[in-house]
Amino acid sequence: MLYRTLRYAITIGAIIALGAGYAFAGGSHESSGASGQKVTLTFATQNMTDPMGVVTKGILAEYEDANPSVTLNIEEAPGNDLITLVNTQIMAGNTPDVFTYWRPEAGWNVPSYVKAGDLANLTALSRTPALKNLFPTYAWRTASEVDNTVYAIPRTNYFIEFLINKDIFAKYDIPLPTTWNRLVNAVQQLKANGVIPWAESALSNQDDSARPLNAILDRVFGNKVALQYMDGQLHWTNNPKMQTALGYFISIAANDGPPDASVLNIGQAVAKYFDTGKAAMVLDNVGTVDLNLTKAIEPSLMVLPFPLTPVTVEKTPSAEADVTNLVYASAKSYADPVKRKYIDSLITALVDRSAATKYVEDAQQVVPQLGLHLNNSLIPQILIDAEKVQAKEPADKWLLSYMSNGAKSSWRDTVDKVWFGELTNPAVMAGELEAGLYGKSPQS
Amino acid sequence: MGSLKMTRVVYLFLLPALVLYVTFFLYPFAETAVYSFTRWDGITKPVLLGVGNFKTLLADTVFQKAVSRIFIWAVLSIIFKVGSALVLAYMLRKPMRGIRFFRTVIFFPYIISVSAMCLMFTIIYDKNIGLVNILLRAVGLGKLTDYWLADPNTAFYAVIAVPIYQAVGYFFVILLAAMQDVPQELYDAGRIDGTNSVTEFLHVTVPYIWGTLTACVILAINGAFQDFNYVFILTGGGPGHASEVPATYMYKEIFVNYQFGYGSSAAVTLFILTLAVTMVVRKTLTTRFRTE
């Protein structure tokens, strides 16, 4: 009898201990501050191992030193994996207190986060003296794209630069690609001389392989109309002008990238082919390309505007440019008055002029902040040249900004096929792009 | 032999494991099945779609080709993973000089992490500095060198060569243990009846370890049907969708395209497929030999 009772007691005790252990392990350790208490903030961002990450770490360390009652739990994820991290945490009702992220566009799922009430309204913060006049109008316009409300504070910019290795062009006596015909001619002559025309990435589901096509569509149709095509509002097939545009892209891209472009990201493609002189041109995000340039190759490089296409609505070559990285906050944490104070000061520390100066001088980033006094000797000449060229170019919105995600994957697959040499007919390409935008997505 | 009486104490002892099983398997599976009938972006409320996701999925040529690839992978896994392990285990079952070294070398790849193995093979497959192409050039087959992971014709096979190579050691250990249980008397009796090493293998060893061999075949099939890591790390399913498998397809639909409902339908379809194939294979193989 005693033995049986003991058995029951041990069994029930074990179950209770297991349950209690589970409850403790699953519970939140985050302290919500009353005055004087420690406050813990989670901060999610991309990898902190590149120069931008190192600068960010420094800013966070300074912030903690200045605010001893605040502890920062930093969560990192490489590149686009940050999307998965943030999305998963928001789905779990555990939005990071502060996080860096892309623009508030449907492509990054931000309108869904806003609709679900997960993101803090930062309009009041945007009107504080520290931030009110810090950014130009276009940056605030980007930051308030959802419901005309500021849900994010701008941090860094990007633009697409067209870099060429002028020494290769000189070696083979190829005219610089300052016009469309010269560009087409350059691609052919480079290939004939055993040089890969483009250091490009055709890695699955990335933006890089479509940069030339985006630039061409902006030139042929203008950015506003091109966005309508990409949003599925206009048809691609039975459209001679579209076939002309796609033909331009095929003429400079079909089989004109590295043979292993499908397994290289743009940084790897630049390092493997552009830095070694095996490829002659690159058209991509200045923030990624320039970080992967070696000191040895820089003297050989030159920045050019990507030429206008023969059929064009533009008078001046444009370039894709926008705010790319912004800082968001959790609505739940922002509702806590003590946490809100620290969230506001942390966001300000991440975007103010001091931070922006470091982003430019130490991490070679492009920033929207106004009124910076930069030490140009710390900035690579190639970045200064690129910014001079970009300053003259009207800024285009990224063409995939409003595209649904299912359509985006299909779009990128079709573009990659051109780089692999599997798609060389503009009419067929138009059909596949239209099918991806109108037909295949389960969400449509 | 005693029998287990399902008393209250037994149920109480089973309860923690049952709770974990329900929490981490049954409940998530049921949720996934429910979501597979909806359109859901993971954040806003799911919208009921009926069987719309399944109709779209089954008509999707990318998914169809992904499914055909895992069948190819399963067949190659059985032949090379289990087949190689079986032969190696048979060769190394008896003591001989250097046997510990050989057994260690065969098992060693299995203990390397998947990421490290994939990184190694990324370099091994490189066109310029990779071991595969260097060896091909060394034996005068330079014309066959390729960008193994970037060529749509070879990418899938280059990817699956890695898990097949890595798992041979795992199956080797299992089959070796099974072979060492074969009574020596059976081999002695076989020798009296005039068996050679081949007939001994086919008529004594294999029938005796048939149960274990069946389990290995089923594990190999399951691995092929469900594997994600190798494809994701090495090629991401590319170039294009040339090495796409249902697991990477599902991942992209859910975490890249935010189509949780559609991705869930892929998960449910993959589960049903795996279950059906496993049941058929198990039924076919377990009736082949019966041992007391």
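See the structure printed just above.
Residues numbered from 1 in each chain as written. Chains lettered and ligands numbered in written order. Predicted model: local features only at pLDDT ≥ 70, side-chain atom pairs only at ≥ 80, totals over all residues. Heavy atoms only, no water.

1. Some words on the packing of aromatic side chains
Using the criterion set out here, one finds 39 aromatic pairs over all chains in the structure. Between the aromatic rings of Tyr 101 of chain A and Tyr 328 of chain A, the centroid separation amounts to 6.0 Å while the plane-to-plane angle is 85 degrees, which identifies the pairing as edge-to-face. Pair noted here: Tyr 101 of chain A is in strand 3 (residues 98-101) and Tyr 328 of chain A is in strand 8 (residues 319-329), with a separation of 227 residues, a long-range link. Each member of the pair, Tyr 101 of chain A together with Tyr 328 of chain A, is buried. With 5.3 Å between their ring centres and 55 degrees between their planes, Trp 40 of chain B and Phe 260 of chain B make a pair best called tilted. (Phe/Tyr/Trp six-rings, centres within 6.5 Å; stacked < 30°, edge-to-face > 60°. Helix = DSSP H or I, 4+ residues; strand = E, 2+ residues; numbered from the N terminus. Buried < 20%, exposed > 50% of the residue type's maximum accessible area, 1.4 Å probe, protein only.)

2. Observations concerning a nonpolar patch on the surface
Residue and element names in this part refer to chain B. A contiguous nonpolar surface patch, about 1100 Å² in accessible area, is contributed by Leu 15, Leu 18, Val 19, Tyr 21, Val 22, Phe 25, Leu 26, Tyr 27, Phe 271, Ile 272, Leu 275 and Met 279. Every element with two or more residues in the nonpolar patch is listed here: helix 1 (8-35) and helix 13 (260-286). Take the nonpolar patch: its biggest share by element is 8 residues, from helix 1. Positionally, Leu 15 belongs in helix 1. A residue is classified by how much of its surface remains accessible, and Leu 15, at 35% relative accessible area, is partly exposed. (Patch = residues over 30% accessible without salt bridge, like charges linked within 9 Å, V, L, I, M, F, W, Y side chains within 5 Å. Areas by Shrake-Rupley, 256 points an atom, 1.4 Å probe, with all protein chains shown as cover. Salt bridge = Lys/Arg side-chain N within 4 Å of Asp/Glu carboxyl O.)

3. Concerning the interface of chain A and chain B
With 40 residues of chain A in contact, the opposing surface of chain B contributes 33 residues. A combined buried area of about 3100 Å² lies between chain A and chain B, and 61% of that area is made up of carbon and sulfur atoms. Connecting chain A to chain B are 1 salt bridge. Within the residue set of the side of chain A that touches chain B, elements represented by two or more residues are helix 1 (2-26), helix 3 (81-91), helix 4 (110-115), helix 13 (266-274) and helix 19 (405-419) of chain A. With 7 residues, the top contributor of residues to the side of chain A that touches chain B is helix 3 of chain A. (Contact = heavy atoms within 4.5 Å. Buried area = accessible area lost by both parts, 1.4 Å probe.)

4. Here's the deal with the packing of helix 10 (residues 211-221) of chain A against helix 12 (residues 240-253) of chain A
Residues and elements named next belong to chain A. Orientation of helix 10 relative to helix 12, taken along the N-to-C sense of each, is 145 degrees, at an axis distance of 10 Å. With respect to the hand of their crossing, helix 10 and helix 12 are arranged in right-handed fashion. Here Pro 212, Leu 213, Ile 216, Leu 217, Val 220 and Phe 221 of helix 10 lie close against helix 12, whose contacting residues are Lys 241, Met 242, Ala 245, Leu 246, Tyr 248, Phe 249 and Ile 252. Counted by class, the contact of helix 10 with helix 12 contains 12 nonpolar, no polar and 1 charged residues. (Axes fitted to C-alpha atoms, helices over the stretch in contact; angles between N-to-C directions. Left-handed = near helix turned anticlockwise from the far one by under 90°. Nonpolar A, V, L, I, M, F, W, Y, C, P; charged D, E, K, R; others polar.)

5. Section: the side chain of Thr 205 of chain B
Examined against the element boundaries, Thr 205 of chain B turns out to sit in helix 9 (residues 197-208). The contact partners of Thr 205 of chain B, leaving out residues within four places of it in the chain, are Tyr 90, Met 179, Tyr 187 and Glu 200 of chain B.

6. Let's talk about the nonpolar core
Tyr 101, Leu 217, Trp 236 and Trp 411 of chain A are the most contacted members of the largest nonpolar core, which totals 149 residues. Looking at this core, the element that brings in the most residues is helix 12 of chain A, giving 8 residues. Apart from the residues within four sequence positions on either side, Trp 236 of chain A is in contact with Leu 217, Tyr 229, Met 230, Met 242, Leu 246, Trp 411, Ala 430, Leu 433, Glu 434 and Leu 437 of chain A. Ala 158, Ile 160, Phe 171 and Val 204 of chain B belong to the second-largest nonpolar core, a separate cluster that totals 56 residues. (Core = buried A, V, L, I, M, F, W, Y, C linked by side-chain atoms within 4.5 Å.)

7. Points about the pairing of strand 6 (residues 279-285) of chain A
Residue and element names in this part refer to chain A. Counting buried residues in strand 6 gives 7 out of 7 residues, a clear majority hidden from the surface. Pairing of strand 4 (residues 153-165) with strand 6 involves 5 bridges; the strand directions are antiparallel. By the bridge assignment, Ile 160 is partnered in strand 6 with Asn 285. Two strands pair when backbone bridges link them, and strand 5 (residues 196-198) and strand 6 are joined in this way by 2 bridges, in the parallel orientation. Note that in strand 6 the partner of Ile 196 across the bridge is Ala 279. (Pairing = 2+ DSSP bridges.)

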